[in-house]
Amino acid sequence: MKKFEAKIEKLKEKFDDALEKARGQKKSLQDLRHEFLSRKRGHITRLFEELKELPVEERPAFGKLLNEFKNYVLEKLSKDVSVKPAPIQYEAVPREPTVITAEREDLTLPGRSLYWGAPHPVMLFAQEIEDIFLAMGFSVAEGPEIETDYYNFEALNFPPHHPARDDWDTLYISEDLLLRTHTSPMQIRVMEKNKPPIRIIIPGRVFRREAIDPTHLPMFYQVEGLLVDESVTFAHLKGTLEHFLRALLGEKIAIRFRPSFFPFTEPSAEVDIGCTVCRGQDPGCSVCGGTGWKELLGAGMVDPQVLKNVNIDPEKYSGWAFGLGIERAAMFSHRISDMRTFYENDLRFIRQFSLK
Ligand code: DAH
């Protein structure tokens with residue numbers, strides 16, 4: 001098939017001519033490469049197509065010739081530096097201005113583990129308190145945060161206009177409804193519904209007009225305790241509280257009872273504990289004010305008038321009660337010098353308690 005060979009010869013001449021003219025001209029050389037080698041319509045590509053139509057026995061010889069020619073073309077073109085693959089020209093495409101350019105995902109970074117959350121430290125501490133009392137046979141109840149004047153004051157032996165109310169000032173929702181100032185109203189609600197023997201604790205949130213400082217917040221948690229039965233004495237109160245405080249804060253905690261006054265208990269006491277924050281060493285301690293002691297709870301024997309208010313016979317029954325500030329106790333347990341840190345929601349602080 002001389003015809004095929006002739007075709008190659010002719011093309012070679014054509015190529016040599018064109019190459020001579022195009023020498024040094026980048027554009028022309030590129031066109032030349034295209035004309036001969038383009039994958040769709042290049043002369044050489046076409047000849048390869050034609051090759052397939054030749055009789056099988058002729059194909060190897062002509063294939064060889066064609067390949068030689070192809071290599072010849074490639075070599076000639078590649079000698080000219082300008083025929084190196086042309087740099088790709090990008091056209092500027094108008095598009096929306098990119099807003100976030102600095103933020104790029106770094107796909108090589110390891111994934112961030114999720115923090116699933118945990119109970120708040122004050123809740124965890126309330127649970128510790130509940131566990132101690134549950135082990136002593138007490139039950140646990142909760143009550144409303146919005147109370148009536150009757151439960152918050154009147155039934156607890158605070159007559160209207162009694163000066164003791166000043167210490168429990170709060171927000172009033174109406175003349176008769178207020179944000180409870182303590183958990184003590186639950187004493188009344190429990191005794192109205194249950195007959196002695198009663199052993200119960202009531203944790204919950206309370207509200208007061210307070211100037212905020214390291215040991216005072218206008219919203220905080222208390223736990224109320226109430227025990228009513230026959231022949232209950234102050235000694236039972238003292239023994240129970242001492243056991244409770246040592247179980248909660250450690251065997252070595254210093255405890256002292258001070259005489260005090262509450263309208264709903266008689267006699268009344270306040271219980272202080274030795275300051276664990278400064279251990280009595282810092283005259284400027286923000287928690288104990290340098291005294292080495294801090295009040296943790298109020299307590300006393302349930303006033304006979306309160307028992308009468310709920311139709312429990314004070315001749316037959318007696319009882320004791322206490323109310324303790326949960327955040328304060330937590331401060332002493334964990335040696336935290338400022339109560340406000342519980343509610344600033346700084347995860348570096350809060351997470352420490354759930355990483356047990
Ligand atoms: N309710 C009192 C307060 O908030 C604390 C208290 C004192 C509770 C004596 C009691 C108690 O149950 O007997 O300051």
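Structural data are supplied above this passage.
The rules behind the values
- Residues numbered from 1 in each chain as written.
- Predicted model: local features only at pLDDT ≥ 70, side-chain atom pairs only at ≥ 80, totals over all residues.
- Heavy atoms only, no water.
- Pairing = 2+ DSSP bridges.
- Helix = DSSP H or I, 4+ residues; strand = E, 2+ residues; numbered from the N terminus.
- Contact = heavy atoms within 4.5 Å.
- Axes fitted to C-alpha atoms, helices over the stretch in contact; angles between N-to-C directions.
- Near = heavy atom within 4 Å.
- Polar contact = N/O pair within 3.5 Å; in protein donor to acceptor, adjacent residues only side chain to side chain.
- Areas by Shrake-Rupley, 256 points an atom, 1.4 Å probe, with all protein chains shown as cover.
- 1 Å grid on protein atoms, 1.4 Å probe; cavity = no way out; pocket = protein on both sides within 12 Å on 5 of 7 lines; lining within 4 Å.
- Sits in = over half its atoms within 2 Å of the grid points.
- Expected span 1.5 Å × (residues − 1).
- Buried < 20%, exposed > 50% of the residue type's maximum accessible area, 1.4 Å probe, protein only.
- Arc of directions from axis to C-beta.

Okay, the sheet that holds strand 6 (residues 255-262) next. The strands making up a sheet are joined through hydrogen bonds of the backbone, oriented either antiparallel or parallel. Spatially, 1-4-5-9-8-7-6 is the arrangement adopted by the seven strands of the open sheet, whose pairing is mixed. Each edge of the sheet is formed by a strand with only one pairing partner; in this case those strands are strand 1 (139-140) and strand 6. In this structure, strand 4 (residues 198-207) lies alongside strand 5 (residues 219-229), joined through 10 bridges in antiparallel fashion. Bridging across to strand 5, Arg199 finds its partner in Leu227. Together, strand 4, strand 5, strand 8 (293-302) and strand 9 (318-325) form the strand contacts of helix 7 (residues 185-193), whose direction differs from that of strand 4 by roughly 140°.

Once that is clear, we can look at the site of the ligand. Of all residues adjacent to the ligand, which total 16 residues, the nearest are His182, Ser184, Arg208, Gln222 and Glu224. Ala321 is positioned with one of its backbone polar atoms (N or O) 3.2 Å from an oxygen atom of the ligand. For the ligand, whose free accessible area comes to 350 Å², the fraction covered by protein is 95%. A molecule is said to occupy a pocket when more than half its atoms come within 2 Å of that pocket's grid points, and by this definition the ligand occupies the largest pocket.

Let us now look at helix 8 (residues 234-249). Along its 16 residues, helix 8 runs 22 Å from first to last C-alpha, staying within 8% of the 22 Å computed at 1.5 Å per residue. Every buried residue belonging to helix 8 is among Leu237, Thr240, Leu241, Phe244, Leu245, Leu248 and Leu249, and all of these are buried. Taken end-on, helix 8 shows its buried residues confined to a sector of 130°, consistent with a single buried face. Residues of helix 8 that are buried sit in contact with helix 5 (121-135), strand 6, strand 7 (265-274), strand 8, strand 9 and helix 10 (326-334). Two residues or fewer after helix 8 comes Gly250, characterised by a positive phi angle close to 110°.

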